[in-house]
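Residues per chain are reported as follows:
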Amino acid sequence: MKNLKIEDVVRIAALLRKYREQTIDDTELEELNEWKISNPNQFEQLTSLNYLGTKLLDLEDISVEQHLLNIHRRIDNPAKSWRYSKWGWTAAAAVLLLVVSIGGLYLFQTSKSRNHDIKENLSRSHKIDKVRLTLPNGTQVDIEDFKNGDTLTRGDVQIVNNNGIISYIDAHSKQAIAGDNIVATPTGKQFQVTLPDQTKVWLNGTSSIKYPARFAGKERLVEITGEAYFEVAKNKILPFVVLANNQKVEVLGTHFNINSYANQAAIKTTLLEGSVKVTSLALKNTTAILTPGQQAQLSNGRNIQILDNVNMNEIMAWKNEMFIFSSAPLTDILQTISNWYDVDIHYEAQIPDRYTLRVPNSTPLPILLNFLEKSGGVHFKIQNKTIIVNH
Amino acid sequence: MQKDDLFYLSLLQQGKEDALTYWVNIYFPILCSYANKIIDDEAQAEDLTEDLFIKLWEKRLSFASINELKSFLYTSIRNASLNVIRQRQREKKRHTFFSQQNSLDTDNGFWEEEVLAEIRKSIYELPPQMRKIFILSFFEKKTNDEIAETLNITNQTVRNQKSNALTILRKLLREKAFLVLFSYLI
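Here's what I pulled together on the structure shown here.

Digging into the overall build of chain B
A count of helices and strands for chain B gives nine helices and zero strands. Each helix (α) and strand (β) of chain B, taken in turn from the N terminus, gives the series α-α-α-α-α-α-α-α-α. Looking at chain B as a whole, 52% of its 186 residues qualify as buried. Within chain B, contacts between residues at least 6 apart in sequence are counted, and of these 65% link residues at least 24 apart. A total of about 9200 Å² of accessible surface is found on chain B, and carbon and sulfur atoms cover 53% of it.

So, the packing of aromatic side chains
All chains considered together, the criterion is met by 21 aromatic pairs over all chains. Between A:Trp202 and A:Tyr229 the ring centres are 5.6 Å apart and the planes differ by 50 degrees, which places this aromatic pair in the tilted class. Highlighted residues: A:Trp202 in strand β8 (residues 200-203) and A:Tyr229 in strand β10 (residues 220-231), separated in sequence by 27 residues. For the residue pair A:Trp202 and A:Tyr229, the accessibility class agrees, reading buried in each case. Judged by centre distance (4.8 Å) and plane angle (40 degrees), the rings of B:Tyr34 and B:Phe110 are tilted. Pair noted here: B:Tyr34 is in helix α2 (residues 17-39) and B:Phe110 is in the loop between α5 (100-105) and α6 (111-122), with a separation of 76 residues, a long-range link. Here the two residues B:Tyr34 and B:Phe110 agree in accessibility, since each one is buried. Ring pairs connect the aromatic residues B:Phe7, B:Tyr8, B:Tyr22, B:Trp23, B:Tyr27, B:Tyr34, B:Tyr74, B:Phe110 and B:Tyr124, which therefore count as one cluster.

Remarks on helix α7 (residues 128-139) of chain B
Residue and element names in this part refer to chain B. For α7, which comprises twelve residues, the first-to-last C-alpha distance of 16 Å matches the rise-based estimate of 16 Å (1.5 Å per residue) to within 8%. For α7, every residue scored as buried is listed here: Met130, Arg131, Ile133, Phe134, Ile135, Leu136, Ser137 and Phe139. A positive phi of about 55 degrees marks Lys141, the residue just after α7.

As for unusual backbone geometry
Residues and elements named next belong to chain B. Notably, Asp40 is not glycine yet its phi reads approximately 55 degrees, a positive angle. Mapped onto the elements, Asp40 comes out in the loop between α2 and α3 (42-58). In this model, Asn152 sits at a positive phi of 60 degrees, which is unusual for a non-glycine residue. Within the fold, Asn152 resides in the loop between α8 (144-151) and α9 (155-183).

A word on the environment of B:Asn67
By the secondary structure assignment, B:Asn67 is in helix α4 (residues 66-91). Since its relative accessible area comes to 23%, B:Asn67 is described here as partly exposed. Taking the C-alpha atoms as reference points, B:Asn67 and B:Asp5, separated by 62 residues in sequence, lie 9.9 Å from one another. Residue contacts for B:Asn67: discarding those within four places in its chain leaves A:Ile6, A:Glu7 and A:Val10.

Topic: the interface of chain B and chain A
Listed per partner, the contact involves 64 residues of chain B and 67 residues of chain A. Of the roughly 6000 Å² buried between chain B and chain A on both sides combined, carbon and sulfur atoms contribute 63%. At the junction of chain B with chain A, the criterion picks out seven salt bridges. As a salt-bridge pair, B:Glu118 and A:Arg17 come within 3.3 Å of each other at their nearest N and O atoms. Summed over the shared surface of chain B and chain A, the number is 14 residue pairs in polar contact (both at pLDDT 80 or more). Sorting the residues of the side of chain B that touches chain A by element identifies α1 (5-13), α2, α3, α4, α6, α7 and α9 of chain B as the ones contributing at least two each. Its residues placed into classes, the side of chain B that touches chain A shows 28 nonpolar, 14 polar and 22 charged.

About the criteria used
- Residues numbered from 1 in each chain as written.
- Chains lettered and ligands numbered in written order.
- Predicted model: local features only at pLDDT ≥ 70, side-chain atom pairs only at ≥ 80, totals over all residues.
- Heavy atoms only, no water.
- Helix = DSSP H or I, 4+ residues; strand = E, 2+ residues; numbered from the N terminus.
- Buried < 20%, exposed > 50% of the residue type's maximum accessible area, 1.4 Å probe, protein only.
- Contact = heavy atoms within 4.5 Å.
- Areas by Shrake-Rupley, 256 points an atom, 1.4 Å probe, with all protein chains shown as cover.
- Phe/Tyr/Trp six-rings, centres within 6.5 Å; stacked < 30°, edge-to-face > 60°.
- Expected span 1.5 Å × (residues − 1).
- Buried area = accessible area lost by both parts, 1.4 Å probe.
- Salt bridge = Lys/Arg side-chain N within 4 Å of Asp/Glu carboxyl O.
- Polar contact = N/O pair within 3.5 Å; in protein donor to acceptor, adjacent residues only side chain to side chain.
- Nonpolar A, V, L, I, M, F, W, Y, C, P; charged D, E, K, R; others polar.

In structure tokens:
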């Protein structure tokens, strides 16, 4: 069997395109000519627009849709193995007959596995693929591509994007609709939300914010899960309050970051500018007031810890689409990776060493893990959705 | 954000099934057609290709680069197709005759497949009918009348679709020209 070097294939494909577009230079032409000598037929064909056009049209005849559906269905339901082929659902039908003929015990077993499927499907449905807005009446809308000035209609509701502020009007009465909205991000996707008071919020992946369509009452109250960075609009009368798990953060006007991911040991609130008061709701009397450069760490049942002079570049790296760690514990790094790539971490050994990493968050996972391995002391193995950590 | 192979590899690694859609849309017909040339059985070729993309999804975290992903696609479809042939030979008591054509294709090194994939990527954003019209006019150099007749639509529709296609592509290709230049420097 011929040895396949994909780098060569990709290279030649690029050269052929340059040849067709007449943007090829002399050195490249020489390279292409060498290839042409051993592949004269292919050269003729792949530089002929007519030949390529015929092949491209033939490919259009293959309908991808049904197969795409099958593939997604099979991925979401790994226990089943339904196959759609030209003869219909015959393979599946044969299995069904077999089940019935074997008897009651087998039927009982299959119904158990079906229940497991249903539970898996339910938990999977809570994971979203796009940035999602949930309206007060429960309607859910994908708002990833929702631009300034756009209007969406969903049933009786009109959703309007006004300079980043999303508002909803009843389509018939044209009245603004009150109530809470939730914006939720999928894994690995950032999104910026503007609140009714012009406060700007950046959500990291797998995060959400719940806020009212209109701030009223004696405070501006929002609730988050995951991680968010706030630039709070100044308002001397109404304090801005953020709820995250068991913590409350109160501010008047300021810039701060809250990391409240469930897989972290503590909720971390870092202040960049202004002043915030952090309150633990679990231990009612515990509060702490932060000054810029400080981070409050709140863990279950403990007093609030304050860290001075934390590394802002590392904490805010996510907003710049980077992973930045300076001599950080491996567990911290892997927690962030776990959230971003949607993988589980399984430790087969304790790795006490610290690691430094500075890469874009679009880095393919094997390369990132390779960087860490090169620093020494750790070895990773990727198995489907799990990273196994060892010496 | 510029949408290119690396973008869709990142998305794939973040567990986004939408990214799988991109890879399926570009490569499914190409790989299926390749498999069919070897095994001469459309339905089975489709099954093999479906299986391949399931495996791609399962192994999504193992690719350190685009080349590794593409290498996986091409190597796997070739191996799967050849396995079918071997299986058939095992099931027959005597040697099976299959045409010379098939064995020639296993040695063609995937040049054609990757060239077609590249072109498919640059016209990916076009809706199906617009794509066909674009292919017929730009690649096969058919006239508007010829296209109208082939696709059974009016000449006016052809002209409208062509102009829409060019608008979309003009915006894309400017980005892509830059991207492709950048990507083979890697």
